[in-house]
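These are the residues of each chain, in order.
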Amino acid sequence: MSDELRTILLEQVERLLADQAGPDVLRRAEAGEWPEALWAEMEALGLPLALASEEMGGAGLTWEDAVAVWQVLGRHGAPVPLAESMAAAGLLAAAGIAPPPGLLALVAPQQAGLPWGRRAQHLVAPWEGKLVLRPATGMKEGRDGFSRLPMDTCLFGPDSASALLPPALGEEPTLLAGAMIHAALIAGALEAVLDTSVDYANTRKQFGRPIGGFQAVQQLLAQAAGEVAAAGVAAAQAGRAASRRGLAAAEFEIASAKVVAGEAAGKVAAIAHQVHAAIGFTDEHHLHLFTRRLWAWRDACGTERFWARRIGEAALARGGAALWPDLTARDEATG
Amino acid sequence: MGALRFELRDTPPDAPALRAELRAFLAEQGRHWSPTVRAYSWMGFDREFSREVGKRGWIGMTWPKAYGGGERTAMDRYVVLEEMLAVGAPVGAHWIGDRQSGPLILRLGTEEQRREFLPRIISGEMAFAIGLSEPDSGSDLASLRTRATKVEGGWRIEGRKVWTTNAHRCDFMIALLRTSPAPDPRAKHQGLSQFLVDLRSSGLTIRPILDLAGEGGFNEITFDNVFVPDSMLVGKEGNGWEQATAELAFERAGPERYLSSLPLLTAALDDLRAEPAAAETVGRLLARAGTLRQMSLSVAGMLQEGKTPAREAALVKDVGNDYEQALPEILRTLFDAARTPAEVWEMQRMMTMVARSYSLRGGTREILRGIIARQLGLR
């Protein structure tokens, strides 16, 4: 997708979410109320199928485009599992299966459950070298301990469709897609948390002036800004690598994005709460709607430790002489 | 107010060929570089090496051919810089000239200055020092007091500059000096000017200052009635602050703000195979390295487009300094006296000491975070 078209798409998504996904919607979602109006709008825009090629009924978005959309979604707290449904449709299409309409759940390892699994019509999962599409049955309802969003488990029904996994997707496409999704969601939520913190620091007065005027507070928020920028770059880089080389060959960038975003999530949430002080510790304030998601998402689809070990093991196996050449060659191999 | 944007950038299409050339050159040149040499890297000084770099066209790569430059892109230059830093090459004899003095002369110097200085920087013959800090003016740079007074045909300088890396080995410095009194204490940024100062001038004394590792890297320079001809004023009289701060965008933007300790990771990696806890730590370090590299490339891309990404550079320098400073400490947690090779320990020791400078040189962490905070809209 051209930069211009992507900008238009992102503005559309931003407007929709600004309109339909405020703190109230997030709170109701946490109470188990499905944001039906929001989801209907997303379907009307063709978002859930957008990653599928046009022949498969989608819009031919790239992973890079999708990451940008997910970052906007994260900035608004992702009340619906649009990202997972998009990725599931994209994977199906890449494997040659036309994605069915309705919410698709993405089944990945390193995952506590399926966000809003109870609403899903189908599951998409890798299974013995194939990508399978199965109806969602026997859903057991649960709730995520951090985000409080519905987090369900389910049984597999019989295959509706299956296809051999194409090499570009590798053997664990849902894990890689899931990690990329959560890195992007984190990058977006971090922006929201930083903005909220800066606003608060500029309005809350103590000692006769806004606390944002104090160097101690400025230094904390500047540090947070560095982490937010790093997470955004890492997520975008993962999306671009996946677009250019396919998911499997983008493992380094995807893993890096999840590590960097996960580390940033912990640091920035801590800084935001320190700046907000007692009011940020209350249920009433909206800060926790985002910081709880940061803590949930850094655990999802592989923690920092999980992905760092993969990168580290690969680098150790390659040895010191290959470290710098490998780091620079990834960008340049496909040019 | 607002978050800073970092667009993804690619390295240039000819990067693989350029890298191959550089790697062969650096492998040959680097056979005898000690861990100390690699730890100092761009604060080190090896004029012979810089001449060799110059011969290959890797200094002043982006400058006009009229002055001996290569008219290559800023991204080509970026590839050269990162290859040098990744192995800790002792690039100090040409680094400052290539990074900031040359670009300043090119941008604001007279034709005569360009013809005199640029070709000699490009050949690696002329080394530049930075003349900013003074004994009483560090982070509060605009409070500097070293003064240039107008005389017949030029200026007379009185005062002192300090922490001037490699001044005792360099040929020229670009000094920021007070040429007229500040109209009032809040307007101290006015009345400053930049000069090209010959470090062999009469009345100029260079006193070496040993650093905490016992190495002779930086200096104090005393100006006792030093004469500088009119032709050595750079840019506009009184415009020195704006010129020097624009120069800081170049000074802060490069890969030297995150890569300083990467040679230690490279050197330590093979030994760490024997350490079960290493994989996670190494993975975290590499994840950050790849991200910082892309952030740094993004700033290089903005410079290439003629922008002045001063705030973006400050942010990348801050995040990068944290990284390069933490790296020797983090790796140390994986070392073992019974196993880790002596030369790896030696580099770790040097870097632990040298790393204190990472968050000081080119703007302290606290000053950078102040710049970032203002960008966020905090006052």
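Keep in mind the model is a prediction, meaning the values are calculated, not measured.

The rules behind these values
- Residues numbered from 1 in each chain as written.
- Chains lettered and ligands numbered in written order.
- Predicted model: local features only at pLDDT ≥ 70, side-chain atom pairs only at ≥ 80, totals over all residues.
- Helix = DSSP H or I, 4+ residues; strand = E, 2+ residues; numbered from the N terminus.
- Rg over C-alpha atoms; globule rule 2.2 N^0.38 Å.
- Buried ≥ 20, exposed ≤ 12 C-beta atoms within 10 Å, placed from the backbone.
- Contact = placed C-beta atoms within 7 Å.
- Axes fitted to C-alpha atoms, helices over the stretch in contact; angles between N-to-C directions.
- Parallel < 35°, antiparallel > 145°, perpendicular 65-115°, else oblique.
- Left-handed = near helix turned anticlockwise from the far one by under 90°.
- Nonpolar A, V, L, I, M, F, W, Y, C, P; charged D, E, K, R; others polar.
- Domains from an automatic or database assignment.
- Core = buried A, V, L, I, M, F, W, Y, C linked by C-beta atoms within 7 Å.
- Expected span 1.5 Å × (residues − 1).

**Brief notes about the overall build of chain B**
If you tally the helices and strands in chain B, you get twelve helices and eight strands. Against the globule reference of 21 Å for 379 residues, chain B gives a C-alpha radius of gyration of 21 Å, in line with a compact fold. Taken along the three principal axes of its C-alpha coordinates, chain B extends 70 × 50 × 40 Å. Looking at chain B as a whole, 53% of its 379 residues are labelled buried. Considering only contacts within chain B whose residues lie at least 6 apart along the sequence, 76% involve residues at least 24 apart.

**A closer look at the overall build of chain A**
Along the backbone of chain A there are eleven helices and eight strands. Over its C-alpha trace chain A gives a radius of gyration of 20 Å, about what one expects of a compact globule, namely 20 Å for 335 residues. Burial statistics for chain A: of 335 residues in total, 56% are counted as buried. Counting only contacts in chain A whose residues sit at least 6 apart along the sequence, the fraction spanning at least 24 positions is 71%.

**Concerning the packing of helix 6 (residues 173-203) of chain A against helix 8 (residues 251-280) of chain A**
All names here are of chain A. Contact geometry for helix 6 and helix 8: axes closest at 8 Å, N-to-C directions at 25°. Judged by the angle between their axes, helix 6 and helix 8 are roughly parallel. The crossing of helix 6 and helix 8 is left-handed. Here the residues of the contact of helix 6 with helix 8 sort into 21 nonpolar, four polar and two charged.

**Let's talk about the interface of chain A and chain B**
The partner chain B presents 46 residues to the 48 residues of chain A that form the contact. Mapped by element, the contributors of at least two residues to the side of chain A that touches chain B are helix 6, helix 7 (215-245), helix 8, helix 10 (304-318) and helix 11 (320-334) of chain A. A total of 16 residues in the side of chain A that touches chain B trace back to one element, the largest contributor, which is helix 7 of chain A. Among the residues making up the side of chain A that touches chain B, the classes are represented as 23 nonpolar, 15 polar and ten charged.

**Some remarks on the environment of arginine 204 of chain A**
Structurally, arginine 204 of chain A can be placed in the loop between helix 6 and strand 7 (205-206). In this structure arginine 204 of chain A touches Pro210 and Ile211 of chain A, once residues within four positions along its chain are discounted.

**Some points on the domain arrangement of chain A**
Residue and element names in this part refer to chain A. Parsing chain A into structural domains produces domain 1 (3-169) and domain 2 (173-334). Opposite the 34 residues of domain 1 that make contact, domain 2 presents 37 residues. Those elements that place two or more of their residues in the side of domain 1 that touches domain 2 are helix 2 (23-30), helix 4 (63-75), helix 5 (82-94) and strand 3 (122-127). The element that contributes the greatest number of residues to the side of domain 1 that touches domain 2 is helix 4, accounting for ten residues. The residue inventory of the side of domain 1 that touches domain 2, partitioned by class, reads 23 nonpolar, seven polar and four charged.

**Digging into the nonpolar core**
It is characteristic of soluble globular proteins that their nonpolar side chains tend to be buried jointly. Grouped together as the largest cluster of nonpolar side chains are 245 residues, with contacts concentrated most on Met180 and Leu221 of chain A. Among the elements that make up this core, the one with the highest residue count is helix 6 of chain A (19 residues). Setting aside anything within four residues of it in sequence, one finds leucine 221 of chain A in contact with Ser197, Val198, Ala201, Ile271 and Val275 of chain A together with Ala373, Leu376 and Leu378 of chain B.

**Remarks on helix 4 of chain A**
Residue and element names in this part refer to chain A. Over its 13 residues, helix 4 runs 18 Å from end to end, which matches the ideal 18 Å to within 8%, given 1.5 Å per residue. In terms of burial, helix 4 is largely enclosed, as twelve of its 13 residues are buried. Along helix 4, the residues that are buried comprise Trp63, Asp65, Ala66, Val67, Ala68, Val69, Trp70, Gln71, Val72, Leu73, Gly74 and Arg75. Looking at the buried positions of helix 4, the neighbouring elements they touch are helix 1 (3-20), helix 5, helix 6 and helix 7.

**What about the packing of helix 10 (residues 310-332) of chain B against helix 12 (residues 365-376) of chain B?**
Residue and element names in this part refer to chain B. Between helix 10 and helix 12, whose axes approach to 9 Å, the crossing angle comes to 135°. Classed by the angle they form, the pair helix 10 and helix 12 counts as oblique. Crossing of helix 10 over helix 12 shows left-handed handedness. Contact residues: Arg311, Ala314, Leu315, Lys317, Asp318 and Asn321 in helix 10; Arg365, Leu368, Arg369, Ile371, Ile372 and Gln375 in helix 12. Here the contact of helix 10 with helix 12 is composed, by residue class, of five nonpolar, two polar and five charged.

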